[in-house]
Amino acid sequence: MFEYIWLIPFLPIIGTVINGLLGKKLGDRVVGFVGCTVVGISFLISASLFAQLLSLPSESRFFSKVIYTWIGSGDFKADIGFQLDPLSSLMILVVTGVGFLIHVYSVGYMHKDPGYYRYFAYLNLFTFSMLILVLANNFLLMFVGWEGVGLCSYLLIGYWFEKKSAADAGKKAFVVNRIGDFGFILGIMLIFTTFKTLNFSEVFPKAVDAFSKGDPTITLIAIFLFIGAMGKSAQIPLYVWLPDAMEGPTPVSALIHAATMVTAGVYMVSRCNALYTLAPDSMTLVAIVGAATAIFAASIGLVQNDIKKVLAYSTVSQLGYMFLACGVGAFGAGIFHLMTHAFFKALLFMGAGSVIHAMGGEQDIWKMGALRKHMPVTFLTFLAGTIAITGFPGFAGFFSKDEILWEAFSGAYGSPALWLVGIIAATFTSFYMFRMFFLTFCGEFRGTDEKLHHLHESPGVMTVPLIILAILSAVGGYVGVPHILGGSNVIGSFLAPVFGKGLEGKVEAHGGGESLELILMGVSVVIAVVGLLVAYYLYLANRELPHKLEKKFKGIYKVLLNKYYVDEIYDACIVNPIKNGSIFLWEKFDDRFIDGLVNGVASFFDEGSAVLRRMQTGAIQSYMLSIVIGAVVILGYYLLK
Amino acid sequence: MITLTHYLVLSGIIFTIGVIGVMVRRSALVIFMCIELMLNSVNLTFIAFSRYLNSLDGQVFVFFVLSVAAAEVVVGLAIIILIFRNKATVNVDEINLMKW
């Protein structure tokens, strides 16, 4: 059965080919059917492979298959090879599972869009690239998937390319990602020069054998790879593209910019855990960047008014949590949060999509309200997602976020300061999520009457995926119930073979006792409730208070609303100098110097020949004269010599 | 006694007349005849050397030159006639179509 692993990425690409080439003729129904089916079958194969992997004893849960030698040149060898282990099997389940639901949802959401077939072709292409990324058994093939998802992200953000803001957002995402990819490429090159191979199964053991802890080469590799992860997973300072990416269709935001693609960086760092654990400095960097991003993005999310922007900053912030987990050595917790986050963030985005759909394209939460009565299914599922992300006990986010916070406090590389940042970010999360929730679904409707009449629940093809994801958001966390609550952290021990025993053991030893863990857990629950209550107090009970607060803290409010002016700072410090430099080079260097050189050569010959051609008089006798003179001169030379 | 030198000098004189004729005359026909003059002066040199060196090679060459000249006259005269038909003149100053 494992031999059929290549089918998993292969099926979606078939969908791309069919929809991309024939989509216009096939009609929307067939396109939607093909697009969903290929991903659905992929999911079924993934699930059966996963089941088969589970049936093996935990230490032999590894399978790798080389399909084709892609590049073979001297020492250098790169295969099209796939690898199935607990980590990649979990990832393909998330990608194809959540991906399938979002494909189905898109059938309803993109209904009657003129570019329907194009949309599904891109979406299938994305699924293909993402699966290549997570299944690859070497860095180069992983990079192929990495670039593939970047391309699809660009195409889908700019899907409505006739809108300038969408086209610009696509460009921005592409360029910012390119900066990260540059780091990733450098990392891959350094890995090759250091280890003479790019295969995961060779690089990691070699690294552990040949290098001691803190080796500068390994640290450099780890940092380069992390720069790549920063770009793809929207971490400070390369996070700026993700909020703008919300210009794309909402299901795209759900699939690419929340559930799967942006988590590629987390996946990559976890995959390279052997390198990171060898380089404690890089771990510290990862943890600090993650924690900083978590709190930074969450604070911006507090005041955003666009329903998708809030979710976008929330995504950036949650990705920060995942990196925080990786940075403190709790890779399993990071992947766990990646999974639960995929459930509830995809749910929230699709719920938001359902709301936007009903509101006829309106995204400002101040123009919504009281949607609870009009769209009960969306309301209930959105509530489940909100509760899950804020970490109420029993829901998915609670277990994963709590594990991260606990590891941040007590893990091998953790510290109370990181925990504190994380817990503050959690407060923010709870506040802005419930703020959005209350403004959207409770209170009274603040839009126009016309919009009010238009309000309707979304069709079944959209609500069913919402319901499934809501259930997953509710129960998805039970695969990782910590020991202290009587669970056995199934997912942790499932992933343990990938992440090495050494680290996990250390975490246990370092633990500050069970009571401390319980106290911290209690703190995060209290924090979540506080966020809820503050949001309730401000946005339902005392509706005037937010405006008063806005006026009172005008400075802070403005800074937050304008996202700390980071875009403006980047424009002023990086974008504009480069632009002006380019304009200078274009107008002065290229137009004047290069073109001058080329045109100068041309006009030299042009003018020179204008003079010389006067010799062609057309009078044969003058030609004759020159021949005679020539003959006489030659003759004279030989005679007089 | 007429020596080789006499022949060569005569040949040189005829050749020079031919060259000057080509350069200074305006009529295409005269220029054409001057070219023949040059060819024949060279023929004369060949014959002279042939006698002097007691070899038939020179005379063979003269036959070649004569036959080529005959062909050339045919083509050349045909061109001149056509030009005359078109322009009603054979003055080379007016036939400068290949001018820049």
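Residues numbered from 1 in each chain as written. Chains lettered and ligands numbered in written order. Predicted model: local features only at pLDDT ≥ 70, side-chain atom pairs only at ≥ 80, totals over all residues. Heavy atoms only, no water.

> Any details on the overall build of chain A? Residues and values, ideally.
Helix and strand content of chain A: 28 helices and two strands. Expressed as lengths along the three principal axes of its C-alpha atoms, the size of chain A is roughly 120 × 65 × 55 Å. Of the contacts made within chain A by residues no fewer than 6 positions apart, 81% connect residues no fewer than 24 positions apart. Summed over its atoms, the accessible surface of chain A is roughly 26,300 Å², and 69% of this surface lies on carbon and sulfur atoms. Computing the positive centroid from 43 side-chain charges and the negative centroid from 42, chain A places the two 5 Å apart. (Helix = DSSP H or I, 4+ residues; strand = E, 2+ residues; numbered from the N terminus. Contact = heavy atoms within 4.5 Å. Areas by Shrake-Rupley, 256 points an atom, 1.4 Å probe, with all protein chains shown as cover. Lys, Arg positive; Asp, Glu negative; His and termini not counted. Charge placed at Lys NZ, Arg CZ, Asp CG, Glu CD.)

> Tell me about the packing of helix α8 (residues 216-232) of chain A against helix α11 (residues 264-271) of chain A, residues and numbers included.
All names here are of chain A. Packing of α8 against α11 brings their axes to within 7 Å, and their N-to-C directions diverge by 160°. Judged on the interaxial angle alone, α11 and α8 are roughly antiparallel. The chirality of how α8 crosses α11 is left-handed. Here L225, F226, A229 and K232 of α8 come into contact with α11, specifically with A264, G265, M268 and V269. A class-by-class count of the residues in the contact of α8 with α11 yields six nonpolar, one polar and one charged. (Axes fitted to C-alpha atoms, helices over the stretch in contact; angles between N-to-C directions. Parallel < 35°, antiparallel > 145°, perpendicular 65-115°, else oblique. Left-handed = near helix turned anticlockwise from the far one by under 90°. Nonpolar A, V, L, I, M, F, W, Y, C, P; charged D, E, K, R; others polar.)

> Go over the UniProt feature "transmembrane region" (unreviewed entry) in chain B, please, and point to the residues and values.
All names here are of chain B. In the UniProt entry, the feature "transmembrane region" (unreviewed entry) is given for residues 6-24, 29-49 and 61-84. For residues 29-49, the end-to-end C-alpha separation is 31 Å, with 100% helix and 0% strand making up the annotated structure. Secondary structure content for residues 61-84 is 100% helix and 0% strand, while the C-alpha to C-alpha distance between its ends is 34 Å. (UniProt positions renumbered as here; feature names shortened; annotations may be inferred.)

> Quick rundown of the nonpolar core? Include the residues and the values.
With 207 residues, the main nonpolar core has F139(A), L225(A), L275(A) and Y276(A) as its most contacted residues. Broken down by element, this core gets its largest block of residues, 18 residues, from helix α15 (residues 331-358) of chain A. Those residues within four positions of F139(A) in sequence are excluded, and the remaining contacts are F184(A), I188(A), I191(A), L198(A), F200(A), V203(A), F204(A), L225(A) and C272(A). Residues M23(B), A28(B), I80(B) and V90(B) belong to the second largest nonpolar core, which totals 14 residues. (Core = buried A, V, L, I, M, F, W, Y, C linked by side-chain atoms within 4.5 Å. Buried < 20%, exposed > 50% of the residue type's maximum accessible area, 1.4 Å probe, protein only.)

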